[in-house]
Amino acid sequence: MTSKVQVFALGGTIAMAPRREGGVAPGLNGDDLVGAVAAWTGGIDVAAETLFSLPSASLTFAQVAQVAARARAAADAGASGIVVTQGTDTIEETAFLLDLLLDLDAPVVVTGAMRAPSQAGPDGPANLLAAIQTAASDEARGAGVLVVFNDEIHTARFVAKRHTHKPSAFVSPLAGPIGWIAEGRVHVPLRPARPAPTFAWPAAGLPEVVLLAGPPDDGGRLVRALLADPPAGVVLQAMGAGHTPRHLAPLLGDLADRIPVVLASRAGAGQTLRQTYGFDGSEIDLTRRGLIPAGMLDAPKARILLALLLADGADRARIVAAFDD
Ligand code: GLU
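Just so it is clear, the structure is predicted and the values come from calculations on it, not from any experiment. (Residues numbered from 1 in each chain as written. Predicted model: local features only at pLDDT ≥ 70, side-chain atom pairs only at ≥ 80, totals over all residues. Heavy atoms only, no water.)

J.: Describe in detail helix 6 (residues 249-258), supporting the description with residues and values.
T.: Burial in helix 6 covers these residues: Ala249, Leu251, Leu252, Gly253, Leu255 and Ala256. In this structure, the buried side of helix 6 is in contact with strand 13 (209-213), helix 5 (221-228), strand 14 (233-238), strand 15 (261-265) and helix 7 (283-288). (Buried < 20%, exposed > 50% of the residue type's maximum accessible area, 1.4 Å probe, protein only. Helix = DSSP H or I, 4+ residues; strand = E, 2+ residues; numbered from the N terminus. Contact = heavy atoms within 4.5 Å.)

Structure, rendered in structure tokens:
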């Protein structure tokens, strides 16, 4: 039986064309993208639809929720898999949000390009072809939302963009990729032991969760501003294993008395520690003051999980358990 793959195009470098004023900007549609790889997709029935034509920094989570709804509808209508093409700047967030909104057996694969079609050696066609092959494969079924880049298959939970322009920008620093594509064949020798939890998209949208940078010698202006006008939640992108300047710890504790404050790391890989460092401003000090360790999630992904939990009415115990998992 022919596999059917539905491609949803959202914009990004993969769909960008030169502008007269200079630079590239979204201009190609889903049919253009699929047309460029038609010579290699024989045996797969590929349909394309352009949902948005945006640089990914301007995609909203509500728009990603629309993509999730369209992916579910496509799977219900018989698609064997779904591919989402978009800008690479926010793939790590889009893929993770899709993973938390969907529990499809059909593969949902997010991809894009680091080089625009007008640049030398564009990577978009190869990434799209590999994503279509992954979405059509039995190997990728039931593995959650995936990100395919540079012939590697990454889980939404662990993938991160770690370079501003190289085609090898996507990595999974904590766990590595779970598979690869070679000569058109999809290999998935690893898969997550536990599926991600699934949330319904809240009708009122997501509550505001602020991502707070936590560099050394920070005077605390932003923490004081958050105390004066607290959002629904905060994710602190702390240093190292979960550390902040000692003079900020009491202020962060005051904030955690009022709203959930999740303690993530800016290190780029590795979980937030819980019981190693005991100095003022350490992870032991901060968690005693009420901050919640982000566990294996980095700050951008922790922000999405916290927002979905708050929208779902989660109390502190559930939030702690969700990040502990
Ligand atoms: N490098 C980004 C991309 O690959 C720029 C723009 C965007 O994220 O949409 O698409």
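We are not done yet, so read on.
J.: Go over the nonpolar core, please, and point to the residues and values.
T.: If you look at the biggest cluster of nonpolar residues, it comprises 54 residues, and the most contacted ones within it are Leu98 and Phe323. Aside from chain neighbours lying at most four places away, what touches phenylalanine 323 is Val262, Ile292, Pro293, Ala294, Gly295, Leu297, Ala302, Leu305, Leu306 and Leu309. (Core = buried A, V, L, I, M, F, W, Y, C linked by side-chain atoms within 4.5 Å.)

J.: Summarise the packing of helix 5 against helix 6; cite the residues concerned and give the values.
T.: Interhelical geometry of helix 5 versus helix 6 gives an angle of 25 degrees and a closest axis separation of 10 Å. Compared by their axis directions, helix 5 and helix 6 come out roughly parallel. Seen from above, helix 5 lies across helix 6 with left-handed handedness. Of helix 6, the residues touching helix 5 (which contributes Val223, Arg224, Leu226 and Leu227) are Leu251, Leu252, Asp254, Leu255 and Arg258. In the contact of helix 5 with helix 6, the residues fall into six nonpolar, no polar and three charged. (Axes fitted to C-alpha atoms, helices over the stretch in contact; angles between N-to-C directions. Parallel < 35°, antiparallel > 145°, perpendicular 65-115°, else oblique. Left-handed = near helix turned anticlockwise from the far one by under 90°. Nonpolar A, V, L, I, M, F, W, Y, C, P; charged D, E, K, R; others polar.)

J.: Give me the lowdown on the pattern of salt bridges, citing residues and values where you can.
T.: As enumerated under the stated definition, the model contains eight salt bridges in all. Linking arginine 72 and aspartate 103 is a salt bridge whose minimum nitrogen-to-oxygen distance equals 3.4 Å. In this pair, arginine 72 sits in helix 2 (residues 61-76) while aspartate 103 sits in the loop between helix 3 (91-101) and strand 6 (108-111), placing the two residues 31 residues apart along the sequence. Look at arginine 72 and you get partly exposed, because its relative accessible area is 30%. (Salt bridge = Lys/Arg side-chain N within 4 Å of Asp/Glu carboxyl O.)

J.: Tell me about empty space enclosed by the protein, and name the residues and values.
T.: Applying the stated criterion to the full structure yields one cavity of 30 Å³ or more. In this structure, the largest cavity spans a volume of roughly 160 Å³. Of the residues belonging to the lining of the largest cavity, the class tally is nine nonpolar, four polar and four charged. (1 Å grid on protein atoms, 1.4 Å probe; cavity = no way out; pocket = protein on both sides within 12 Å on 5 of 7 lines; lining within 4 Å. Points joined across faces, edges and corners; volume = space filled by probe spheres on them.)

J.: Describe in detail the site of the ligand, supporting the description with residues and values.
T.: Every residue close to the ligand is listed here: Gly12, Thr13, Met16, Pro55, Ser56, Gly87, Thr88, Asp89, Ala113 and Lys161. With respect to the ligand, the side chain of threonine 13 contributes an N or O atom lying 2.7 Å from an oxygen atom. Between alanine 113 and the ligand, the recorded distance is 2.8 Å, taken from a backbone N or O atom to an oxygen atom. Protein burial of the ligand: of its 270 Å² of free accessible surface, 86% is covered by the chains. A per-class count over the shell around the ligand returns three nonpolar, five polar and two charged. (Near = heavy atom within 4 Å. Polar contact = N/O pair within 3.5 Å; in protein donor to acceptor, adjacent residues only side chain to side chain. Areas by Shrake-Rupley, 256 points an atom, 1.4 Å probe, with all protein chains shown as cover.)

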